[in-house]
Amino acid sequence: MKTERIQKQLMAHPGWSAAYPKQHLKRQYQFPTFERAVQCANMVARKVRGQEHDLRVTIEGSTFYLDLWSNLEGDLTDAQFALAGVIDEGVQEMEGEVAS
């Protein structure tokens, strides 16, 4: 994916950043508790099941860190950005559960 396209996609997915030279997306989420961060990790695992993506999940205290890349291609893809959007939606649903 060309740099201009990456920049457009990043504008459409606030909070995500692109990391180089290994082409992957990065994001962190802050939760009120460690348990909620773990729930987020479980939600992400369900969302990526069966997809051709690799990810690295790190939880430090109540902060959830995510690195996402495709294991089929060496470059960022639209599919990665689509998955980033799905993950963001899942996090928003989790936050709605807390507010309810």
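Residues numbered from 1 in each chain as written. Predicted model: local features only at pLDDT ≥ 70, side-chain atom pairs only at ≥ 80, totals over all residues. Heavy atoms only, no water.

(A) Layout of the overall build of the protein chain. Helix and strand counts for the protein chain come out as three helices and four strands. Element order for the protein chain, N to C, with α for helix and β for strand: α-β-β-α-β-β-α. Its C-alpha atoms give the protein chain a radius of gyration of 13 Å, within 12% of the compact-globule value 13 Å for 100 residues. For the protein chain, the C-alpha atoms occupy an extent of roughly 40 × 25 × 25 Å along the three principal directions. Across the 100 residues in the protein chain, those meeting the buried criterion constitute 40%. Counting only carbon and sulfur atoms, one obtains 51% of the accessible surface of the protein chain, whose full area is about 5,900 Å². (Helix = DSSP H or I, 4+ residues; strand = E, 2+ residues; numbered from the N terminus. Rg over C-alpha atoms; globule rule 2.2 N^0.38 Å. Buried < 20%, exposed > 50% of the residue type's maximum accessible area, 1.4 Å probe, protein only. Areas by Shrake-Rupley, 256 points an atom, 1.4 Å probe, with all protein chains shown as cover.)

(B) Inspection of the pattern of salt bridges at higher detail. Tallied over the entire structure, the rule returns four salt bridges. The closest approach of N and O atoms between Arg-27 and Asp-88, which form a salt bridge, is 2.8 Å. Note that Arg-27 is positioned in strand β2 (residues 24–30) and Asp-88 in helix α3 (residues 78–99), a separation of 61 residues in sequence. The class of Arg-27 is buried, set by a relative accessible area of 19%. Classification of Asp-88 by relative accessible area gives buried; the value is 14%. Between Asp-67 and Arg-56 there is a salt bridge, with the nearest N and O atoms lying 3.0 Å from each other. Taken together, the positions of Asp-67 in strand β4 (residues 63–70) and Arg-56 in strand β3 (residues 53–60) put the pair 11 residues apart, joining distant regions of the chain. Judged by relative accessible area, Asp-67 falls into the buried class, the value being 10%. Residue Arg-56 is classed as partly exposed on the basis of its relative accessible area, which comes to 42%. Counted as one network, the salt bridges with shared partners bring together Lys-26, Arg-56 and Asp-67. (Salt bridge = Lys/Arg side-chain N within 4 Å of Asp/Glu carboxyl O.)

Geometric descriptors of this kind do not, in isolation, establish any biological role.
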